[in-house]
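Structural description and commentary
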Amino acid sequence: MLICLSLVVDAVASQPNILFIHMEDMGVQIPAYGDTTVATPQLDRLADEGVVFERAQVTAATCSSSRASKFTGLYPHQNGIMGFINHHGFRFREGVPTYVQALKQAGYQCGLTYKTGVMPESAVPFDFIGKSNKNHLTGKDGSNVTNNAIDNFRYFLKNLKKGSPFYFQAQTPDTHAKWNKPEFIAKGSEGWPYPEVDPASIKPFPSFGYDFVLTDKLRNLIASYYGAIQRTDWYVGQLLDVLEEFGLADDTLVIFSADHGPSELIRGKTTPYENGLQVPFIVRWPGVVDPGTRSDALVSFVDLSPTFQDVAGLKPPAYLPGYSLVPVFKGKPSSRMYQYSAYNAHTTGKSLYWPSRTVTDGRFKLIHNLNGDGKTPRPYKPSFIMADAIKKQQKSSNATAVAVRSNAPPLFELYDLQNDPGEAHNLIGNPDFAKIEKALRKQLMYWRKEVVLDPFCDPAYLEEFNADYAKAIETMAARIKQLGGAKPSRTGWHIDWSQHTPPWNPSPYTLKD
């Protein structure tokens, strides 16, 4: 026991490398989480050599907000990125610190492929950013995005300062819709063992509603998503092989995850349901985590900043609402009792604005739709193919009921995730679950008012933000019309949200949940 403990202490004290494999728009539709539609031998390999966390969740089912929470350890309204960046206008609050800054101060070299997903990028001062269409290793740039990402990781390691630990964020847009992008991997790439995905093998996700009837077009669409997962699996295997090639496998903490669940599909991206919030989270850390294990510990993306700082031997700031996962990696109980999410908006459009807050204890989950009344439609728009499939549902199946409720959500929703993982049966008002509902309402309000100081708790603020967002939609439409349909980001123009994102001040944040 003393020898094992000593190994763990030495591993942490020596500043291990960190490889964070971070995919886009990818849920838990892989064998490690019970979905065997396609084989993922490399992710299985990672799981066999590490631990699978069954309950990992992002802070908001949208790219920029999720990534901002990861980098800062703060929820969207705390760090300022409450919606999309670029011309949509959301930025970090001035002065918000990130773990990239902290790791660099601790002597780490930091790199990534693809994108940061946040603004300003000066808040995440990576030493190396490998763009998708550029191959720094070979100089042969082009559209084989995944091959480029692998070579750019190899290039980063080749140019690593001797003795310097590294943090590398390995990314490709493979699982970002549209999913049919086979050119991302060059033909004839070594080790490509994957067959074509058979659309006939596709089954409805639980989030679609029970007894959902798939159309042929929808089967083909979802098959292309699984094809992207296969490309992701190949990518993961190549990254692990590169670590072996450089003799770094035993000194590197590897985490595989994603920024939120799949888009295009009902109750996924931009929604507060599990298909949007739950992400894979597989951890390999030789000498620290027990290989081939599973954990039901609750993991939130706000836990990543304190975790990475802890791994580097730093003391995470006390104002962070999250918890370091290092003790959990070592087999100790988790400090986290609840998970929370705080979605506000994606890009600027009526169908993408829907402030919601959630809390779950791992089994029961409460959703608070801040503008919900069960009557007023949230003009949520999945893909045309998904919407067409919903219209073709037979009679009054549960699938149709779920689709209707998703389009006009009530103020509160309560689900038993253990017995109803598809969140089809709203338990609000059910006397058998009255105590649970009351307890989760109380916990959510405590977290919002006392821990993260959510300004949306104030009805006047919510009304003001609703009005400002409506104005932003009008402003965006007018600007696009003025530019003849061009993207405003090409001009440097953006919506101004500074009135809702004052400079960062950590002093009010003193409590955890």
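Residues numbered from 1 in each chain as written. Predicted model: local features only at pLDDT ≥ 70, side-chain atom pairs only at ≥ 80, totals over all residues. Heavy atoms only, no water.

1. Remarks on the sheet that holds strand β8 (residues 293-300)
Taken in spatial order, the 8 strands line up as β4-β3-β5-β1-β6-β7-β2-β8 in an open sheet, and their pairing is mixed. Two strands lie at the open edges of the sheet, namely β4 (128-130) and β8, each paired on one side alone. Within the sheet, the average angular offset between the axes of one strand and its neighbour, ignoring direction, is 15 degrees. Note that strand β1 (residues 17-23) and strand β6 (residues 252-258) share 7 bridges and pair parallel. The residue of β6 that forms the bridge with leucine 19 is valine 254. Along the sheet, helix α9 (residues 304-311) contacts β1, β5 (166-170), β6 and β8; its crossing angle with β1, the most-contacted strand, is approximately 155 degrees. (Pairing = 2+ DSSP bridges. Helix = DSSP H or I, 4+ residues; strand = E, 2+ residues; numbered from the N terminus. Axes fitted to C-alpha atoms, helices over the stretch in contact; angles between N-to-C directions. Contact = heavy atoms within 4.5 Å.)

2. Considerations on the confidence of the model for the protein chain
Here the protein chain shows a mean pLDDT of 94. Residues at 70 or above account for 97%. For residues 1-13, every residue scores under 50 in pLDDT, and the model assigns this stretch 9 contacts once sequence neighbours within four places are set aside. (pLDDT = per-residue confidence, 0-100.)

3. Some details on the environment of leucine 112
Within the secondary structure, leucine 112 is located in strand β3 (residues 109-113). Residue leucine 112 is classed as buried on the basis of its relative accessible area, which comes to 0%. On a C-alpha basis, the gap between leucine 112 and phenylalanine 20 in space is 9.2 Å, while along the polypeptide they are 92 residues apart. Not counting the four nearest positions on each side in its chain, leucine 112 is found in contact with Phe126, Phe128, Ile129, Gly130, Phe168, Gln169 and Gln171. (Buried < 20%, exposed > 50% of the residue type's maximum accessible area, 1.4 Å probe, protein only.)

4. Looking at the pattern of salt bridges
The final tally for this structure, using the stated rule, is 23 salt bridges. Note that glutamate 24 is salt-bridged to lysine 115, the shortest N-O span being 2.8 Å. Of the two residues, glutamate 24 is situated in the loop between β1 and α2 (41-48) and lysine 115 in the loop between β3 and β4; the sequence distance between them amounts to 91 residues. In this structure, glutamate 274 and arginine 55 form a salt bridge, with 2.8 Å as the shortest nitrogen-oxygen distance. With a gap of 219 residues between them, glutamate 274 in helix α8 (residues 274-277) and arginine 55 in strand β2 (residues 51-57) connect regions that are remote in the sequence. Residue classification places arginine 55 among the buried positions, given a relative accessible area of 13%. Residues participating in the shared-partner salt-bridge network are Glu24, Arg67, Lys115 and Asp259. (Salt bridge = Lys/Arg side-chain N within 4 Å of Asp/Glu carboxyl O.)

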